[in-house]
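Breakdown of the fold
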Number of protein chains: 2
Amino acid sequence: MGRLFIAVIALLSVQFSNSQVTSVQEDSLNLRKIYDMSLMQGKSYDWLDHLSNEIGGRLSGSLNAQQAVEYTKAELEKLGLDKVWLQPVMVPKWTRGAREFAYVETEPGTTRNINICALGGSIATPDGGTKAEVIEVQGIEDLKLYGKEQIEGKIVFYNRPMRPDLIHTFEAYGGCVDQRYSGAKEAAKYGAVGVIVRSMNLRQDDLPHTGSMSYGDTPVENRIPAAAVSTNDAEYLSGLLKLDKDAEVYFKLNCEQHEDVQSYNVIGEITGSEHPEEIMVVGGHLDSWDLGDGSHDDGAGVVQSMEVLRLMKEINYKPKRTIRVVLFMNEENGLRGGNKYAEVAKEKGEKHIFALESDAGGFTPRGFAFDADKAQFAQIESWKPLFEPYLIHYFELGGSGADVRPLKEKEGDIVLAGLRPDSQRYFDHHHAANDTFEHVNKRELELGAATMTSLIYLVDKYGVRQIDTTPEDKY
Amino acid sequence: MGRLFIAVIALLSVQFSNSQVTSVQEDSLNLRKIYDMSLMQGKSYDWLDHLSNEIGGRLSGSLNAQQAVEYTKAELEKLGLDKVWLQPVMVPKWTRGAREFAYVETEPGTTRNINICALGGSIATPDGGTKAEVIEVQGIEDLKLYGKEQIEGKIVFYNRPMRPDLIHTFEAYGGCVDQRYSGAKEAAKYGAVGVIVRSMNLRQDDLPHTGSMSYGDTPVENRIPAAAVSTNDAEYLSGLLKLDKDAEVYFKLNCEQHEDVQSYNVIGEITGSEHPEEIMVVGGHLDSWDLGDGSHDDGAGVVQSMEVLRLMKEINYKPKRTIRVVLFMNEENGLRGGNKYAEVAKEKGEKHIFALESDAGGFTPRGFAFDADKAQFAQIESWKPLFEPYLIHYFELGGSGADVRPLKEKEGDIVLAGLRPDSQRYFDHHHAANDTFEHVNKRELELGAATMTSLIYLVDKYGVRQIDTTPEDKY
């Protein structure tokens, strides 16, 4: 097991009273087994290889998404779980159509192409495309400033960048994504004919990043097409507009919103031996955007979640509580799978005590965010020393994952958690054509799976503080 | 400055007594300035772009290495430091020559090429190449087991892999690298005609990884050529030998060891305003292997170290002590630069109190390793809370960097430190053709530079406990 391991046991042993030593030693040994199994005989990377390279991007309602449903169900069935099933859910279907195209024209015949892609949910441009002058804004609040007078008939160019000074890149994302999600809806109110949004990317490059947008209750006839532009071309366009405010942009989108179609959440379960009624969920989302193969977002979370149950079986751990892997459909453009799972759980009166989502990329895990009350969090924090040998240091309150959030009804009930991998490279790939298999590192993916399994193991063993239950065996 | 920053100030404020608040607030503000400057107006990535893409691999004694000396000296001169100079050092010169070539032959005419590269310091094969049967071993200790009888006239194939279960990948490296460094010297004693070593790589791929080796005092006539083979081809060869133990390997190396040549450490200094005699060093090594462009090893460390001094000036911090950036020559195959710097420091009676090296890749920084006594380490650990907002959690005793190590003569004198970035991907690139610029992420590099600058700032402000000094202003 090596020197490091022995040192860890020694370290842990002095941090707990004697009566607890046996339990801590057992936990320490079991975590070591989990990590060893994931790093030496892991399956997550092979599964991801198939999802990414044999299937590819898995947009809700697509054939690829259906293939992913069937593949993951079949793989879960091979694991010898107690149950594997599909949970039906109707999902929106949006198709990109033929590749998008755009250029900037400074004078007739003088054009330069720019790299764009339709935002998910956008309408197409008219058949001949949309061509208009451009007004650059730094956010939705600027629209009021310029007013209908300056906006009507133009393309609104949202160009507020992600803040590079924020260490948590998801915070930087949160500070910009309203431009993408609501930019078209808001610009339409001022008579804009289209919107182009700077890609949510911290890096300067040529890749446009898609993502969901919504027209809200905008009447169909008032909806305008919306596209993302690469960060390099956003800089180019901004610079050009300073020199020539009359420059026009032409863009052509061929996307289409269809009727909802039948799809599924994929679910597998190891039924608890002592408290089968207490359910712990571990999951990621099976759908992805269509530009890349969705390896980081969220193929990684899918295969890591499947690996949690496999590792439990491989180390011969028999959970006291029920562990469910849920591969949610349609996180990206609807959250129908997450909502459906919570809805069915409520209908059936199921008691979910814990849900962990991995949906922040397959990078080196740093820890977890929790949506929990103080007592619950204190209990979880007491497990931190067990994770230190694996360089897992981050246990923070606040945040979990979009698909598991609907399971929480009130403070103090279910504890939600989200794996927090290193986030510095995540938005280089997020929703773009380079979210692909070769950008996922095998060890980093496996470390994440082992880290998730370790947390689930501890929750299973010690329970979580609930308003109506008392955890047993707590340190 | 944002919510996060305010929360940090609040958090830090309650962790220290009131009299310390002003100082902690000032430090917290200064760290925030350092990180902001590095992430928003950093120079490290541009410098690395030049070193990697305009100059390229910088093997000691090569023209590229000399170009790197001149470029970094010129860039340091632009920063307005108090002094910039070159420190002469004679370095070994080894050239790879024409590309290596190897194949496995199972019967005459039935061959398959394998990916190899010469190890740094190896002799060439004879003009016609070396062809022989192969004996696979799991390490140097196996040689005794097989004895001269089974080894003489054969190529020894060292195939012990890096252990994937070790979380610290440098530990896994340390567990294998004797095969590369001493494998030829030891195999020659048993009459082997060459050695082939499995690349020090945790990933399965086709790239051979070079690195230094030594013949020790083996007489010239007994020296045998040594090459690394890719992990994929190591697996292939091992599998093949199980089926056909008479299979032969042919390999041809064209490398050559030349006379030592003149080279330089590049040094720049901001002279301390209060204690100019107390010197802090920050550095990386300017030389690299020749297969890639040396972006991670150690272009990253070079530009981060340069950035430390630039950031100090940009935030208008006037150090009390002297800060020197030292870009060491010849870490890879001789350590002449590190030894020379320490030798000259001793001759001049210079008092070095602290030395920090970055030589573990340009990945997201996790913290530092320190070579310090207990009291020194306790002082440094008291600074940990200042780093938490930047997700820097790892402060551990043990280890620093090869180039700064010669500065330490006895326990309790100079404190040595090494930046510890995330190490999971490092050996995918280490000493291989894919140690290139596109595998360095701008933000990760910049976070490392800011983390180093922050530590140097704190050491400057509070000093380090020394046998013959007492640090002032300690929390």
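Below, the structure is looked at part by part. (Residues numbered from 1 in each chain as written. Chains lettered and ligands numbered in written order. Predicted model: local features only at pLDDT ≥ 70, side-chain atom pairs only at ≥ 80, totals over all residues. Heavy atoms only, no water.)

1. Examining the nonpolar core
Threshold: Buried residues of nine kinds, namely Ala, Val, Leu, Ile, Met, Phe, Trp, Tyr and Cys, make up a nonpolar core once their side-chain atoms join them within 4.5 Å. Exposure categories follow from relative accessible area, calculated using a 1.4 Å probe and restricted to protein chains: below 20% of the type maximum is buried, above 50% is exposed, and the middle band is partly exposed. Helix numbering and strand numbering both begin at the N terminus, where a helix is a DSSP run of H or I of at least 4 residues and a strand a DSSP run of E of at least 2. Contact between two residues is taken to exist if any of their heavy atoms lie within 4.5 Å; hydrogens are not considered.
Formed by 72 residues in total, the largest nonpolar core has its most connected members in F354, F370, F387 and L455 of chain A. No other element matches the ten residues that helix α14 (residues 442-462) of chain A contributes to this core. Excluding anything up to four places from it in sequence, F387 of chain A contacts L31, Y35, F368, I392, F395, T451, S454, L455 and L458 of chain A. Counting residues in each nonpolar core, the second largest holds 71 residues, with V302, V308, L309 and A372 of chain B among its members.

2. What to know about the relation of the copies chain A and chain B
The criterion, for reference: Least squares is the method for superposing the copies, and the C-alpha atoms it fits come from residues with pLDDT of at least 70 in both.
Between chain A and chain B, which share one sequence, the superposing operator has a rotation angle of 180° and an axial displacement of 0.0 Å; the RMSD is 0.0 Å. A rotation of that kind, with that shift, is consistent with a two-fold axis. Considering only C-alpha atoms, the residue of chain A closest to the rotation axis is H393 of chain A, which sits at 3.4 Å. By residue overlap, the copies meet face to face through one surface: 100% of the interface positions of chain A are interface positions in chain B.

3. So, the packing of helix α3 (residues 44-55) of chain A against helix α4 (residues 63-78) of chain A
All names here are of chain A. Heads up, the condition is: Helix axes are fitted to C-alpha atoms over the stretch in contact, other axes to C-alpha atoms as well, and angles between N-to-C directions run from 0 to 180 degrees. If an angle is under 35 degrees, it is roughly parallel; if it is over 145, roughly antiparallel; if it lies from 65 to 115, roughly perpendicular; otherwise it is oblique. Note on convention: near helix rotated counterclockwise from far helix by under a right angle means a left-handed crossing. Clockwise means right-handed. Amino acids are sorted into nonpolar (Ala, Val, Leu, Ile, Met, Phe, Trp, Tyr, Cys and Pro), charged (Asp, Glu, Lys and Arg) and polar (every other residue, Gly among them).
At a closest axis distance of 11 Å, the pairing of α3 and α4 adopts a crossing angle of 155°. With respect to each other, α3 and α4 are oriented roughly antiparallel. Like other packed secondary-structure pairs, α3 and α4 cross with a definite hand, here right-handed. Residues D46, W47, H50, L51 and I55 of α3 lie in contact with α4, whose contacting residues are N64, Q67, A68, Y71, T72 and E75. Here the residues of the contact of α3 with α4 sort into five nonpolar, four polar and two charged.

4. Structural notes on the pattern of salt bridges
Residues and elements named next belong to chain A. This is how it is decided: Just to be clear on terms, a salt bridge is a Lys or Arg side-chain nitrogen sitting within 4 Å of an Asp or Glu carboxyl oxygen.
On inspection of all chains with the given rule, the structure shows 64 salt bridges over all chains. Note that K245 is salt-bridged to D246, the shortest N-O span being 3.4 Å. Judged by its relative accessible area of 62%, K245 falls in the exposed class. Between R324 and E350 there is a salt bridge, with its nearest N and O atoms 2.9 Å apart. Of the two residues, R324 is situated in strand β12 (residues 321-328) and E350 in the loop between α10 (336-347) and β13 (351-357); the sequence distance between them amounts to 26 residues.

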